[in-house]
Every structure is written in C-alpha cells, then in structure tokens.
Amino acid sequence: MHDAPLCFDGAAATDCQLIDGPTQDFNLMLRHACLPARMVRVHANAEELVHASKFVAVYAISTRASVRFNAEELYVPPATLVWRHVTKAATVRIACEHALWMEWSA
C-alpha cells in the first residue's frame, strides 16, 4: 500500500511470486504510450492546479476521501474511483489517508 506506482509496457510479459501475502493492484492503462499521464500516491492532503484538456481521477484506497474540483466537493467511499474531464484550469484538492491521483491528456 505504500510503494510508488510502477510504469511499464502493458504488452510486456510479466511473472511474479508473492513474498509476503496477497497484493492489491490498480492499473492506469492508456492505449497510446505517447499520451502524457501520471499516477501518484496521496497521503493526507494534496492540492494541484490542473491545466486544460485533462482527465483527473482519484481512487480512495482503504479510507474515505474528500475531493474538490474547483467548487464541486465529493465524498468518496473506500475502494471507489471518481473522475472529471477538466476543460480549463482547475484546482483539485484531496484530503484522505490513502489515495491514488491519476491524470492524462484528453
């Protein structure tokens, strides 16, 4: 739950062995690798100005999150994803214990 997101080609062959019990995966997959995208973990609070033509998504991992897109405030239950298409500059605020922030070009 505390590791940084890992980026790799989704077409790559993968293999693993569990070393310390079960895992939980969350994937952000894009059809075109040339599209700029990112995923980061959020612990506590985050605020960011997002510029035009992006999708922004927040996944509340194991605890509730509060997400504000400009004036719109959402209360997100655990294990729930919310997203918005931002067409102009927007301030996004997240308050939570554990969440994932994702953004990609529209």
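In the block above lies the structure referred to throughout.
Residues numbered from 1 in each chain as written. Predicted model: local features only at pLDDT ≥ 70, side-chain atom pairs only at ≥ 80, totals over all residues. Heavy atoms only, no water.

**Q** Describe in detail the pattern of salt bridges, supporting the description with residues and values.
**A** Under the criterion given, the structure shown has six salt bridges. For Glu 103, the salt bridge goes to Arg 38, with nearest N and O atoms at 3.3 Å. Of the two residues, Glu 103 sits in strand E6 (residues 90–105) while Arg 38 sits in strand E1 (residues 37–50), which places them 65 residues apart along the sequence. Exposure remark for Glu 103: the relative accessible area of 7% places this residue in the buried category. Salt bridges linked by common partners bring Arg 38, Glu 48, Lys 54 and Glu 103 together as one network. (Salt bridge = Lys/Arg side-chain N within 4 Å of Asp/Glu carboxyl O. Helix = DSSP H or I, 4+ residues; strand = E, 2+ residues; numbered from the N terminus. Buried < 20%, exposed > 50% of the residue type's maximum accessible area, 1.4 Å probe, protein only.)

**Q** If you had to explain the side chain of Glu 103 to someone new, which residues and values would you point to?
**A** In this structure the side chain of Glu 103 is engaged in a polar contact, spanning 2.7 Å, whose partner is the side chain of Lys 54. A polar side-chain atom of Glu 103 sits 3.0 Å from a polar atom in the side chain of Trp 101. Once you skip the residues sitting within four places of it in the chain, Glu 103 turns out to touch Pro 36, Ala 37, Arg 38, Glu 48, Val 50, Lys 54, Phe 55 and Val 56. (Polar contact = N/O pair within 3.5 Å; in protein donor to acceptor, adjacent residues only side chain to side chain. Contact = heavy atoms within 4.5 Å.)

**Q** If you had to explain the nonpolar core to someone new, which residues and values would you point to?
**A** One finds Val 56, Val 76, Val 92 and Trp 101 to be the most contacted residues of the largest nonpolar core, which totals 18 residues. Counting residues per element, the ones that place at least two in this core are E1, strand E2 (54–60), strand E3 (65–69), strand E4 (72–76), strand E5 (80–86) and E6. In this view, Val 92 contacts Ala 46, Glu 47, Glu 48, Val 50, Val 56, Val 67, Arg 68, Phe 69 and Trp 101; residues no more than four positions away in its chain are not counted. Counting seven residues, the second largest nonpolar core, distinct from the first, contains Ala 57, Leu 100, Met 102 and Trp 104. (Core = buried A, V, L, I, M, F, W, Y, C linked by side-chain atoms within 4.5 Å.)

**Q** Run through the side chain of Ser 66, naming residues and quoting values.
**A** When you line up the elements, Ser 66 lands in strand E3. Polar side-chain contacts of Ser 66 include one of 2.7 Å to the side chain of Glu 73.

**Q** So what's going on with the environment of Val 82? Which residues, and what values?
**A** Along the chain, Val 82 falls in strand E5. Take Val 82: its relative accessible area is 15%, and that puts it in the buried class. Sequence separation between Val 82 and Val 67 is 15 residues, and the spatial gap between their C-alpha atoms is 8.7 Å. Beyond its immediate sequence surroundings of up to four residues, Val 82 is in contact with Val 56, Ala 57, Val 58, Leu 74 and Val 76.

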